[in-house]
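These are the residues of each chain, in order.
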Amino acid sequence: MGNPYYECPLPVAIPPAKPFLKSIKLGIKETLFPDDPFRQFKNQPASRKFILGMQYFVPILEWAPRYTFEFFKADLIAGITIASLAVPQGISYASLASLPPIIGLYSSFVPPLVYAMLGSSRDLAVGTVAVASLLISSMLGKEVNPNENAKLYVQLALTATFFAGVFQAALGLLRLGFIVDFLSHATIVGFMGGAATVVCLQQLKGILGLVRFTHGTDLVSVMRSVFSQTHQWRWESGVLGCCFLFFLVLTRYISKRKPCFFWINAMAPMMSVIVGSVLVYLTNAEKYGVQVIGHLKKGLNPLSVSELAFGSPYMVAAIKTGIITGVIALAEGVAVGRSFAMFKNYHIDGNKEMIAFGMMNIAGSCASCYLTTGPFSRTAVNFNAGCKTAGSNIVMATAVMVTLLFLTPLFHYTPIVVLSSIIIAAMLGLIDYEAAIGLWKVDKCDFIVCMSAYIGVVFGSVESGLVIAVTISLLRMLLSVARPRTFLLGNIPNSMIFRSIDQYPVANNIPGVLILQIDAPVYFANANYLRERISRWIYEEEEKLKSTGESSLQYVILDLSAVGSTDTSGISMFKEVKKSIDRRGLKLVLANPRSEVIKKLVKSKFIESIGQEWIYLTVGEAVAACNFMLHASKSNNQVADEFGAHNNA
């Protein structure tokens, strides 16, 4: 790098100034419309724009004209298959939410019809989910006892569903879907695993045939409730539950080993309900302590607009429950939809999905339904059954409608223990220990977040586990912003490439030049830290050169290629760093400042103070310029020494 020949570097361009309103417009577009949804409307006549707009907001208008009989056959098979899963799951999860079982069936009728019209996923199967059901039970159960005041509890559950839908739709309409991204993968893995564990523990009530049980969801409360009532355990119920649980787990294992037999796992819950009901009816097991669902009234969803408890003193609890369950349902539904869309190589719009979820929950709350989303288990069955469009949801809703109109009396003898077995079997798949092991191997901090969520849910409550995990994730994010990394760069031998010496130990230091890279935007949160860290780099480099007797430090190059933006605090930091470097008799050099940064540095007159000639396009050019100046300085010193010696002679 000591080559005395030096070519004039390319100048760093300063982008032209943009009008303030245009800058604001571009900023909003990049933040809220990264997918540019309006590009399809460009250069289109008004009539075509209207049609495209209707198809954008109501996707069924886009795919329905192209619907074929082949699609119908595939959707018919898939819809009937998921309906066989939806009926027992709907009843089970409603019981988990401490709601009447019939509401679980209602929730598999209206919401799927709304989603089929508004949703953009071809594979998502709509229904209730265990985690949201548990959240509703634990949060609303603290305010109103579902056994003592069942009517008010149902009203609050419907009201929470309404607010969940409003919140979801608002996020989609305002293009604020990125808020859901604050639930990191590690948070979701730990939260889902903890919730699944709690749900399984809660089902010990049904497995053991207990009548009274704790409303707490933590491990200690559940275990205390179970073992304090050993004299109330029903061995008949326990044996029946273990047999059905073994059957459900076995069918799931077979389906995972042989995907072509997916239908066995899909039909297993309905088969369990049928067999369990027949056994109870033939053996009169109801008289021996085996609890059954009892009477389910026939008929379609009654309207429940008047049941929404907007004037209730528990309104705040309903809103809080709606927002929290709405976020969890969004995170699960959008993630599931995107996962299966990848298999068929198509894209789903996250914001449109949020609108669809919101509208189906708003409509559902007005039709005696509680919170629904896109559960993984039901969607996986729908996908494996060969669905082609969202029409499979219409078929499922039709099958549930037939059940509501004609078949509900058949569920009178369905044992509660079978529903508990169905829930436990479904929840075991949510305890993803392999993902937790993967987090430990890849990122220990993510593993801590995951386990914090899990432990918080299992030993505290569902809400506390979620809050703990999100808090740790946000603290980690804030820490990365407030304490960004800085790297010492060196030259890769026989190249003009400069990389971190920590990553590439073969990289060489440049004599007389210190090269530092800042690896984050410079804001008020990290400006003071970066100033102190850069000063320490300079101090340590000077001490090292003194101890080794090498040439003294002359130049400090800041590589700003990773600094995407800055603010006034960041500009003040650059000014303070320059003053500190000037006091040491060194020279500050900048390399590759980005567009937003260079504009602000120009406006603040920092470029004027440092000199345009000390800003370079690449680190290589900056190093070459510094070497050229060092070589020129040495040559001048040699000439001066020779001239002085000649005069003395």
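Residues numbered from 1 in each chain as written. Predicted model: local features only at pLDDT ≥ 70, side-chain atom pairs only at ≥ 80, totals over all residues. Heavy atoms only, no water.

The chain goes by Sulfate transporter 3.1-like in an unreviewed UniProt entry, where it is assigned to Populus euphratica. As stated in UniProt under Subcellular location (unreviewed entry), the record for the chain gives "Membrane". Reading the Sequence similarities (unreviewed entry) entry of the UniProt record for the chain gives the comment "Belongs to the SLC26A/SulP transporter (TC 2.A.53) family." (UniProt positions renumbered as here; feature names shortened; annotations may be inferred.)

Across its full length, the chain carries 26 helices and six strands. Taken against the 2.2 N^0.38 rule, which gives 26 Å for 649 residues, the C-alpha radius of gyration of the chain at 33 Å runs more than 25% over that of a compact globule. Classification of the 649 residues of the chain by burial places 50% in the buried group. For the chain, contacts bridging at least 24 residues in sequence account for 80% of all contacts bridging at least 6. As displayed, the chain offers around 31600 Å² of accessible surface, 64% of which is attributable to carbon and sulfur atoms. Put simply, the chain has 54 plus and 41 minus side-chain charges, and the middle of one group is 7 Å from the middle of the other. (Helix = DSSP H or I, 4+ residues; strand = E, 2+ residues; numbered from the N terminus. Rg over C-alpha atoms; globule rule 2.2 N^0.38 Å. Buried < 20%, exposed > 50% of the residue type's maximum accessible area, 1.4 Å probe, protein only. Contact = heavy atoms within 4.5 Å. Areas by Shrake-Rupley, 256 points an atom, 1.4 Å probe, with all protein chains shown as cover. Lys, Arg positive; Asp, Glu negative; His and termini not counted. Charge placed at Lys NZ, Arg CZ, Asp CG, Glu CD.)

Within the UniProt annotation, "domain: STAS" (unreviewed entry) is assigned to residues 503-626. Its end C-alpha atoms 24 Å apart, residues 503-626 is made of 48% helix and 15% strand.

For helix H21 (residues 462-482), spanning 21 residues, the distance from its first C-alpha to its last is 30 Å, which sits close to the expected 30 Å at 1.5 Å a residue. The set of residues buried in H21 consists of Val462, Glu463, Gly465, Leu466, Ala469, Ser473 and Ala482. Turning to H21, the residues buried within the fold contact helix H7 (130-141), helix H9 (185-202), helix H14 (315-343), helix H20 (444-459) and helix H22 (527-548). (Expected span 1.5 Å × (residues − 1).)

Okay, the packing of helix H6 (residues 110-118) against helix H15 (residues 350-365) next. Put simply, H6 and H15 touch, their axes get as near as 9 Å, and they point 150° apart. Considering the angle they form, H6 stands roughly antiparallel to H15. Our pair here, H6 against H15, has a crossing hand that is right-handed. Here H6 contributes Val110, Pro111, Val114, Tyr115 and Leu118 to the contact with H15, which in turn contributes Lys352, Glu353, Ala356, Phe357, Met359, Met360 and Ala363. Partitioning the contact of H6 with H15 into residue classes produces 10 nonpolar, no polar and two charged. (Axes fitted to C-alpha atoms, helices over the stretch in contact; angles between N-to-C directions. Parallel < 35°, antiparallel > 145°, perpendicular 65-115°, else oblique. Left-handed = near helix turned anticlockwise from the far one by under 90°. Nonpolar A, V, L, I, M, F, W, Y, C, P; charged D, E, K, R; others polar.)

A separate point is a nonpolar patch on the surface. Residues Phe178, Ile179, Phe182, Leu474, Leu475, Met477, Leu478, Val481, Tyr523 and Phe524 make up a contiguous nonpolar surface patch of roughly 910 Å² in combined accessible area. Mapped onto the elements of the fold, Phe178 is located in the loop between helix H8 (150-173) and H9. (Patch = residues over 30% accessible without salt bridge, like charges linked within 9 Å, V, L, I, M, F, W, Y side chains within 5 Å. Salt bridge = Lys/Arg side-chain N within 4 Å of Asp/Glu carboxyl O.)

The pairing of strands in a sheet happens through backbone hydrogen bonds and is either parallel or antiparallel. Strands sit in the order S2-S1-S3-S4-S5-S6 across an open sheet of six strands; the sheet is mixed. Where the open sheet ends on each side, the last strands, each with one partner, are strand S2 (498-500) and strand S6 (615-616). The pairing of strand S1 (residues 486-491) with strand S3 (residues 513-518) spans three bridges and is antiparallel. Of the residues in S3, the one forming a bridge with Phe487 is Gln517. (Pairing = 2+ DSSP bridges.)

Before going further, it helps to spend a moment on the pattern of salt bridges. A complete count under the given rule lists 12 salt bridges for this structure. Linking Glu596 and Lys599 is a salt bridge whose minimum nitrogen-to-oxygen distance equals 3.3 Å. Highlighted residues: Glu596 and Lys599, both in helix H24 (residues 595-603), separated by three residues, approximately one helical turn. Accessibility expressed as a relative area gives 17% for Lys599, which makes it buried. Each of Asp443, Asp446 and Arg476 takes part in salt bridges that share partners, so that together they form one network.

A few words on helix H23 (residues 568-583). Given a rise of 1.5 Å per residue, 16 residues ought to cover 22 Å, and the 23 Å separating the end C-alpha atoms of H23 matches this to within 8%. Inspection of H23 places Gly570, Ile571, Met573, Phe574, Val577, Lys578, Ser580 and Ile581 among the buried residues, and these make up the whole buried set. The N-capping residue of H23, defined by a side-chain oxygen 3.2 Å from the backbone nitrogen of Ser569, is Asp567. Gly585 sits one or two residues past H23 and shows a positive phi near 80°. (Polar contact = N/O pair within 3.5 Å; in protein donor to acceptor, adjacent residues only side chain to side chain.)

Counted under the stated rule, the structure contains 14 aromatic pairs. Here Tyr67 and Phe71 contribute two aromatic rings whose centre-to-centre distance is 6.1 Å and whose plane-to-plane angle is 65°, an arrangement assigned as edge-to-face. For Tyr67, a relative accessible area of 28% gives the class partly exposed. Judged by its relative accessible area of 29%, Phe71 is partly exposed. Against the face of Tyr56 rests Lys352, its NZ or CZ located 4.5 Å from the ring centre. The side chain of Lys444 reaches across the aromatic face of Trp440, ending 4.7 Å from its centre. (Phe/Tyr/Trp six-rings, centres within 6.5 Å; stacked < 30°, edge-to-face > 60°. Lys NZ or Arg CZ within 6 Å of the ring centre and 35° of its normal.)

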